[in-house]
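Here are the chains, one letter per residue:
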Amino acid sequence: MNIMKNTPSLFGGHPELVKSVHRRSFLKWAGGTAAVTTLVLTGCKEDDTTPVVGEVNLGTGDFAVLNYAYALEQLEAAFYTRVIESQFSGITADEIALLTDIRDHEVAHREFFKAALGSNAIGGLDVDFSSINFGSRESVLNTAKTFEDLGVAAYNGAGRFITSPDYLTLAGKIVSVEARHAAYIRDLLSNGTFADNTVVDSNGLEMSKDPAAVLQAAAPFIKNTINASALA
Amino acid sequence: MDFLKILNLLEERDPDMSDRLNTRRQALKDFADLGKKLSMAAVPVAMGSMFQKAYGQSTATVVDVLNYALTLEYLEYRFYEKALASTGLIPAGAPNGAITTIMNHEKAHVDFLKQAITSAGGTPVAEPTFDFSGGQGTGNGPFASAFSNYQLFLAVAQALEDTGVRAYKGQAGNLVKQNAVLTAALNIHSVEARHASHIRQMRKANGASVKPWITGKESGIDNSVVQAIYNGEENTTQGGVNITSLGSISANVASEAFDEPLTKEQVLAVATLFLAS
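Residues numbered from 1 in each chain as written. Chains lettered and ligands numbered in written order. Predicted model: local features only at pLDDT ≥ 70, side-chain atom pairs only at ≥ 80, totals over all residues. Heavy atoms only, no water.

**Student:** Explanation requested: the overall build of chain A in the structure shown.
**Tutor:** A tally of regular secondary structure across chain A gives 9 helices and 2 strands. Shown N-terminal to C-terminal, the secondary structure of chain A runs as helices and strands in the order α-α-α-α-β-α-α-α-α-α-β. Of the roughly 8,800 Å² of accessible surface on chain A, a fraction of 53% belongs to carbon and sulfur atoms. (Helix = DSSP H or I, 4+ residues; strand = E, 2+ residues; numbered from the N terminus. Areas by Shrake-Rupley, 256 points an atom, 1.4 Å probe, with all protein chains shown as cover.)

Written as structure tokens, this is what we have:
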């Protein structure tokens, strides 16, 4: 399973453990540290309905998928808002225009999910961009690339959890825009890398990611712990 | 893609599948054993046979969708193949490299879909004979100079890629219960969107007024045939939510932020122009 491949230190390669953690709705996505392992392992034996401090539970069913998307859109919108507020040195007028477009798209996505979810929506996430140098073109664009590629992989990988055809189509409407962003950002970094073999496999298919892998990759940028137990 | 993982999830997400598979556990075990021996190229075959076992009658719809996709992929693949073979059309260096990358993806999509269809018990559609002039076999359609006029070539490429994105999107709802096929289709869909974004950047570098995303229903291409591919992209209401009412979001932004699907009929109305037979 991808989970084991991507988080060997977290689960020690025991599939049973992964499964039991999922079932107990207690998976914590905060990086593969020994401390986390201890917390998860001991936590499973405790009352599994006690919320973790700062935990955001995505909920169940299609709402869980929408909240998952809402969480990622919050992250992207917050990032590009900062990018436009504190522009990196050497940014061109064309880059300002298109990065502003992307910011606006992500804000539109975020606000859409918030409105569509209504009372089922998760709250606002606390982001952590301390690892990003917003004055550096390379730092900003590489982070943007990470977020956009991750967004595409996330929507593709979450499609199978959606049961409503309407929601599925809505996710499809957004993911292709994220893919357009991803290709643009990649070409800014290195022209021609819009769909290279780090994101597209030998069958010409995007390498989608399951929610566990996506949230692990996003964890360094999000202070909250996200409980995505419904999406496993 | 981790197909074993997908199958495990399929099993978990769709308990009814067990009813459709007489010896589900053995079948999954066999598949798991088989998976260890399979090359990537062989994966669609095994995947297709799993659907046939698990979904029986549903396979017909899936095959229809896959054959529809295959037709569009043939169109794209042969279009780029012919363009790359047209001496002096595509500049050497980055442009040639990008178009080659895209052609190779379309070729891979053709191969993937053919195998998936065959293994699902279907028959892949025969490759059509194309008229890339958009003249339905006359050779005198509006794009007759697409293989000698670079700007026109890029415009047709943009139209084909944006059509591909809309076409796959329009089929997602039909695959909502076919999780593994859905995931594969989504994974092609986003690659088409990456292509569209890059082609649009290539057009912009050559003076066209376009962005990597679609604003309103603007194609940036002065052609009435092409316009049908972009009509509807100006939509600003999603899931009953008027996006422009959510704070200060303009209609242009609201339209750019969401790509719109096309029905099979809408797509085929355009694609038919490129069919010679």
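**Student:** What is the right way to look at the packing of helix α5 (residues 61-85) of chain A against helix α9 (residues 211-218) of chain A in this model?
**Tutor:** Geometrically, a packed helix pair is captured by the angle between its two axes and the distance between the axes. All names here are of chain A. Orientation of α5 relative to α9, taken along the N-to-C sense of each, is 25°, at an axis distance of 12 Å. As judged from the angle between their axes, α5 and α9 are roughly parallel. Along this stretch, α5 crosses α9, giving a crossing that reads as left-handed. Only Pro-211, Val-214, Leu-215 and Ala-218 of α9 make contact with α5, whose side of the interface consists of Tyr-68, Leu-72 and Leu-75. Residue classes in the contact of α5 with α9 are distributed as 7 nonpolar, no polar and no charged. (Axes fitted to C-alpha atoms, helices over the stretch in contact; angles between N-to-C directions. Parallel < 35°, antiparallel > 145°, perpendicular 65-115°, else oblique. Left-handed = near helix turned anticlockwise from the far one by under 90°. Contact = heavy atoms within 4.5 Å. Nonpolar A, V, L, I, M, F, W, Y, C, P; charged D, E, K, R; others polar.)

**Student:** What's the story with the packing of aromatic side chains in this structure? I'm lost.
**Tutor:** The relation between two aromatic rings is expressed through the spacing of the ring centres and the mutual angle of the planes. Residue and element names in this part refer to chain B. Under the definition given, this model contains 19 aromatic pairs over all chains. An angle of 20° between the planes, with centres 5.3 Å apart, marks the rings of Phe-79 and Phe-153 as stacked. Highlighted residues: Phe-79 in helix α5 (residues 59-84) and Phe-153 in helix α7 (residues 150-171), separated in sequence by 74 residues. Here Phe-79 and Phe-153 have matching classes, each one buried. (Phe/Tyr/Trp six-rings, centres within 6.5 Å; stacked < 30°, edge-to-face > 60°. Buried < 20%, exposed > 50% of the residue type's maximum accessible area, 1.4 Å probe, protein only.)

**Student:** Could you clarify how one ought to interpret helix α8 (residues 165-189) of chain A in this entry?
**Tutor:** In an α-helix, one turn spans 3.6 residues, which is why side chains three or four residues apart end up on the same side. Between its first and last C-alpha, α8(A) extends 36 Å over 25 residues, near the 36 Å set by a 1.5 Å rise per residue. Extensive coverage of α8(A) is indicated by the burial of 21 of its 25 residues. (Expected span 1.5 Å × (residues − 1).)

**Student:** Honestly, the confidence of the model for chain A in this entry has me stumped. Any pointers?
**Tutor:** For any part of a model where pLDDT is low, the fine detail of the predicted coordinates should not be relied upon. In the predicted model, chain A carries a mean pLDDT of 84, and the fraction of residues at 70 or more is 77%. The low-confidence segment residues 1-48 of chain A, where pLDDT is below 50, has 62 contacts with residues more than four positions distant or belonging to other chains. (pLDDT = per-residue confidence, 0-100.)

**Student:** Honestly, the side chain of B:Ser255 in this entry has me stumped. Any pointers?
**Tutor:** Residue and element names in this part refer to chain B. Looking at where Ser-255 falls in the secondary structure, it is placed in helix α10 (residues 251-256). A polar atom in the side chain of Ser-255 sits 2.8 Å from the backbone oxygen of Asn-252. Excluding anything up to four places from it in sequence, Ser-255 contacts Ile-214, Thr-215, Gly-216, Glu-233, Glu-234, Asn-235 and Thr-236. (Polar contact = N/O pair within 3.5 Å; in protein donor to acceptor, adjacent residues only side chain to side chain.)

**Student:** Even after reading the chapter, I still don't get helix α8 (residues 179-205) of chain B, so can you show me in this structure?
**Tutor:** Residues and elements named next belong to chain B. Counted at 1.5 Å a residue, the expected span for α8 with its 27 residues is 39 Å, and the 39 Å between its end C-alpha atoms agrees. Burial analysis of α8 places 25 of its 27 residues in the buried class, the great majority of the element. Two residues or fewer past α8, Gly-207 is found with a positive phi of approximately 100°.

**Student:** It is not clear to me how the interface of chain A and chain B should be interpreted in this structure. Could you clarify?
**Tutor:** Interface size, as often reported, equals the accessible area lost upon joining of the parts. Counting from both sides, the interface comprises 59 residues of chain A and, opposite them, 59 residues of chain B. Each partner contributes to the roughly 5,000 Å² buried at the junction of chain A and chain B, and carbon and sulfur atoms together form 61% of this total. Broken down residue by residue, the surface that chain A buries against chain B is led by A:Arg160, A:Arg180 and A:Phe194, which jointly contribute 18%. Taken together, chain A and chain B are joined by 7 salt bridges. A salt bridge links B:Arg194 to A:Glu206; the shortest N-O distance between them is 2.8 Å. Where chain A meets chain B, there are 27 residue pairs in polar contact (both at pLDDT 80 or more). Put simply, the parts of the chain that give the side of chain A that touches chain B at least two residues each are α1 (2-6), α6 (93-117), α7 (137-158) and α8 of chain A. Ranked by residue count, the leading element in the side of chain A that touches chain B is α8(A), at 18 residues. (Buried area = accessible area lost by both parts, 1.4 Å probe. Salt bridge = Lys/Arg side-chain N within 4 Å of Asp/Glu carboxyl O.)

**Student:** Even after reading the chapter, I still don't get the environment of B:Asp259, so can you show me in this structure?
**Tutor:** The residue B:Asp259 is located in the loop between α10 and α11 (264-271) in this model. With 111 residues separating them along the chain, B:Asp259 and B:Ser148 place their C-alpha atoms 31 Å apart. In contact with B:Asp259, other than residues within four places in its own chain, are A:Lys173, A:Ser176, A:Val177, A:Arg180, B:Val165, B:Lys169, B:Ile214 and B:Glu233. Among the polar contacts listed, one links the side chain of B:Asp259 to the side chain of A:Arg180, at a separation of 2.9 Å.

**Student:** Before we go on, may I ask you to explain the packing of α5(A) against α7(A) in this structure?
**Tutor:** Residues and elements named next belong to chain A. Close contact between α5 and α7 brings their axes to 11 Å; oriented N to C, the two are set at 165°. Here α7 runs roughly antiparallel to α5, going by the angle between their axes. When you trace α5 past α7, the crossing you get is left-handed. Contact residues: α5 offers Val-65, Tyr-68, Ala-69, Leu-72, Glu-73, Leu-75, Glu-76, Phe-79, Tyr-80 and Val-83, while α7 offers Val-140, Thr-143, Ala-144, Phe-147, Glu-148, Ala-154, Tyr-155 and Ala-158. Residues of the contact of α5 with α7, tallied by class, amount to 14 nonpolar, 1 polar and 3 charged.

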